[in-house]
Amino acid sequence: MLVRAITAPGLRRWCRGQRGAAAACFPLGRALLGVRGAEAAAFLQGLLTNDVTQLVAEGDAPPALYAHALNVQGRCLYDVILYRLHRSTAEEPHILLECDSSVLGSIQQHLKLYKIRRKVTISPCPDLSLWAVIPGDTSSLPKGAHQALLLTPDPRTEVMGWRLIAKKGADLSEIIPGSQVGDVQDYHRHRYKQGIPEGVKDLPPGVALPLESNLAFMNGISFTKGCYIGQELTARTHHMGVIRKRLLPVTFPGPLPPAGIPEGAEILTRAGKRAGKFRAGGGELGIALLRLAHLHEPLCIPLAGDRVELRATTPEWWPKGAAK
């Protein structure tokens, strides 16, 4: 490969002031699953929170959608991004489903359980590679390239850049000239800074609630589509308009314990009130489920007789007034 690698000090420092700079490409450990057939969109429509029929609609159909698959209690099982590979309504619908690679087998079983007699084939795509692309200047990215199967804006939020799907072994320097391959840990640090959950550590299956996980902020849910598994609790919560806890980016200003912060660690206020739980992180950055009432209070995590201080913030890309 003719692509240079990004090394320390990492994405945040690398991107600072990089107007017009080349894009950073991060290889993701996420899996891709092909869902193909005449009833592919209708099949996924009953299993996911977003309106999947958009991917097969006539006209200006979106190239990608974000969604969650929920259990019957309305809690998240899988966070997915869907990609439209067919080019027109005249072609057979072909949708790629991106998921956490650790749940590839279980999501296949989940889909096949509900497939019944649907005209749909479901198969993994081990010949494809998935990349996150964080551009220094979005205008420098091509809108398509012959080696890229798909190059599209991340459907969750603009701050997450682009998603690239290519054949394994494709030369990124030809798809995005001048691009640099980065350490995937810098990608995770970037999304933690932005408060973007991804995968089973950030969204524990059977535990995370979609609206507390900011699914609506990330364009991942339709409140006007038909029924889907887990819709009842989600719709009720939305119409009540009261969400007391949300996933928020957190930072640790002081030194961390050698073993780091354990996932699921309880977060307290200075007065000792329960404020939430730490989900996951990398270094001084992380993501936590916090009660909004304690957002601006001093927070800490009690560990081994000591207290580790942390600060929570609301991301700039959130809608105004969203943290109220």
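Residues numbered from 1 in each chain as written. Predicted model: local features only at pLDDT ≥ 70, side-chain atom pairs only at ≥ 80, totals over all residues. Heavy atoms only, no water.

Structural notes on the sheet that holds strand 7 (residues 121-124)
- Strand order across the open sheet formed by 5 strands is 4-5-6-3-7, with antiparallel pairing between neighbours. Looking along the sheet, the strands with just one partner apiece sit at the ends: strand 4 (64-70) and strand 7. Taken pair by pair, the neighbouring strands of this sheet meet at an average axis angle of 30°, ignoring direction.
- The pairing of strand 5 (residues 76-84) with strand 6 (residues 94-100) spans 4 bridges and is classified as antiparallel. In the strand pairing of strand 6, L82 is matched with L97. (Pairing = 2+ DSSP bridges. Helix = DSSP H or I, 4+ residues; strand = E, 2+ residues; numbered from the N terminus. Axes fitted to C-alpha atoms, helices over the stretch in contact; angles between N-to-C directions.)

What to know about the side chain of H294
- Relative to the helices and strands, H294 is located in the loop between strand 15 (285-291) and strand 16 (299-303).
- Excluding anything up to four places from it in sequence, H294 contacts T269, K273, R274, A275 and L299. (Contact = heavy atoms within 4.5 Å.)

Remarks on the pairing of strand 6
- Across the 7 residues that make up strand 6, a large majority, 7, are buried.
- Looking at chain direction, strand 3 (residues 30-36) and strand 6 are connected through 7 bridges and run antiparallel. Its bridge partner lying in strand 6, L33 is registered against L97. (Buried < 20%, exposed > 50% of the residue type's maximum accessible area, 1.4 Å probe, protein only.)

Focus: the nonpolar core
- Of all hydrophobic cores here, the largest spans 56 residues; its most connected members are Y83, I267, L290 and I301.
- Counting residues per element, this core draws most heavily on strand 15, at 5 residues.
- Two domains each provide a minimum of three residues to this core, namely domain 1 (23-183) and domain 2 (211-312).
- If near-sequence neighbours (up to four positions away) are discounted, I267 is found in contact with K273, R274, A275, G276, K277, F278, A288, L290, L299, C300, I301 and L310.
- Counting 28 residues, the second largest nonpolar core, distinct from the first, contains A31, A41, L77 and V80. (Core = buried A, V, L, I, M, F, W, Y, C linked by side-chain atoms within 4.5 Å. Domains from an automatic or database assignment.)

A word on the pattern of salt bridges
- Under the counting rule described, the total for this entry stands at 15 salt bridges.
- Here E263 makes a salt bridge to K201, at a shortest N to O gap of 3.6 Å. Of this pair, E263 sits in the loop between strand 12 (245-251) and strand 13 (266-269) while K201 is found in the loop between helix 5 (184-194) and helix 6 (231-240), placing the two residues 62 residues apart along the sequence.
- Judged by its relative accessible area of 47%, E263 is partly exposed.
- Overlapping salt bridges, with partners in common, bring together R30, D79, E98, D154, R156, R163 and E198 in one network. (Salt bridge = Lys/Arg side-chain N within 4 Å of Asp/Glu carboxyl O.)

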